[in-house]
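Now for the letters of each chain:
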Amino acid sequence: MFEKFGEFNSFGEINELAENLFNEGDTESLKAMAEENGIQRDFVKMYLQGDIPELCDALTAALGKIDVEVAELKPKEIMEDWVEYLRGQCMENEVLAHQVRKKGKSLKGCIAALLSWSFKNQQTVNKDIIKAAGVSAGKVTLGIPGMGRAKRIISDYYMEGTRK
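Residues numbered from 1 in each chain as written. Predicted model: local features only at pLDDT ≥ 70, side-chain atom pairs only at ≥ 80, totals over all residues. Heavy atoms only, no water.

### Some points on a nonpolar patch on the surface
Phase 1 of the analysis: A surface patch of nonpolar side chains, amounting to about 330 Å² of accessible area, comprises Ile78, Met79, Leu142 and Ile144.
Phase 2 of the analysis: Relative to the helices and strands, Met79 resides in helix α5 (residues 78–92). (Patch = residues over 30% accessible without salt bridge, like charges linked within 9 Å, V, L, I, M, F, W, Y side chains within 5 Å. Areas by Shrake-Rupley, 256 points an atom, 1.4 Å probe, with all protein chains shown as cover. Salt bridge = Lys/Arg side-chain N within 4 Å of Asp/Glu carboxyl O. Helix = DSSP H or I, 4+ residues; strand = E, 2+ residues; numbered from the N terminus.)

As structure tokens, then:
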């Protein structure tokens, strides 16, 4: 992930490199950079044709980064729900979209924050539930955050340092 061009800190950095590559006539590198950052081919095509002034905006850059990270991490089940929540929040909150694009912020780090909370907040599962589930273990614990808590953890992870 981000091997060839590195991790960009903002959509502005992506657009700056795109403009430089375009001005140099290096459309292959521009396409490769866009792909590495999850920028859709349609945007690249429109940019190269002059139909849009910049390759991406904050939302496009954030969703692109999330898409690249999802392709690498391959989240399943509840983690997919967390990712979809994050995508939706980026569409509603431009500041969050900027934060998602920041260097050092990652889906891996976000899910790690959720997992950390989960381990710290495990609760013992009632023995009758364990029996009804057909589980033979003597003790079972579970610590998955509810969606409200997960939303706060996700927001806190990405927005850290932006609130006063």
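### Digging into the side chain of Thr60
Phase 1 of the analysis: Positionally, Thr60 belongs in helix α4 (residues 58–73).
Phase 2 of the analysis: A relative accessible area of 14% means that Thr60 is categorised as buried.
Phase 3 of the analysis: There is a polar contact of 2.7 Å between the side chain of Thr60 and the side chain of Asp57.
Phase 4 of the analysis: Aside from chain neighbours lying at most four places away, what touches Thr60 is Ile39 and Phe43. (Buried < 20%, exposed > 50% of the residue type's maximum accessible area, 1.4 Å probe, protein only. Polar contact = N/O pair within 3.5 Å; in protein donor to acceptor, adjacent residues only side chain to side chain. Contact = heavy atoms within 4.5 Å.)

### Comments concerning the packing of aromatic side chains
Phase 1 of the analysis: Evaluated as defined, the whole model comprises two aromatic pairs.
Phase 2 of the analysis: Seen in terms of ring centroids, Phe22 and Tyr47 are 5.8 Å apart; in terms of plane orientation they differ by 65°. Their pairing is edge-to-face. With Phe22 in helix α1 (residues 11–24) and Tyr47 in helix α3 (residues 41–48), the pair connects residues that are 25 residues apart, well separated along the chain.
Phase 3 of the analysis: Residue Tyr47 is classed as buried on the basis of its relative accessible area, which comes to 8%.
Phase 4 of the analysis: The ring of Tyr157 has Lys105 lying over it, and the distance from NZ or CZ to the ring centre is 4.4 Å. (Phe/Tyr/Trp six-rings, centres within 6.5 Å; stacked < 30°, edge-to-face > 60°. Lys NZ or Arg CZ within 6 Å of the ring centre and 35° of its normal.)

### A short note on helix α9 (residues 147–159)
Phase 1 of the analysis: Between its first and last C-alpha atoms α9 spans 18 Å; for 13 residues at 1.5 Å apiece the expected length is 18 Å, and the two agree.
Phase 2 of the analysis: Summarising the contacts, the buried residues of α9 are in contact with α5, α6 (94–101) and α7 (107–120). (Expected span 1.5 Å × (residues − 1).)

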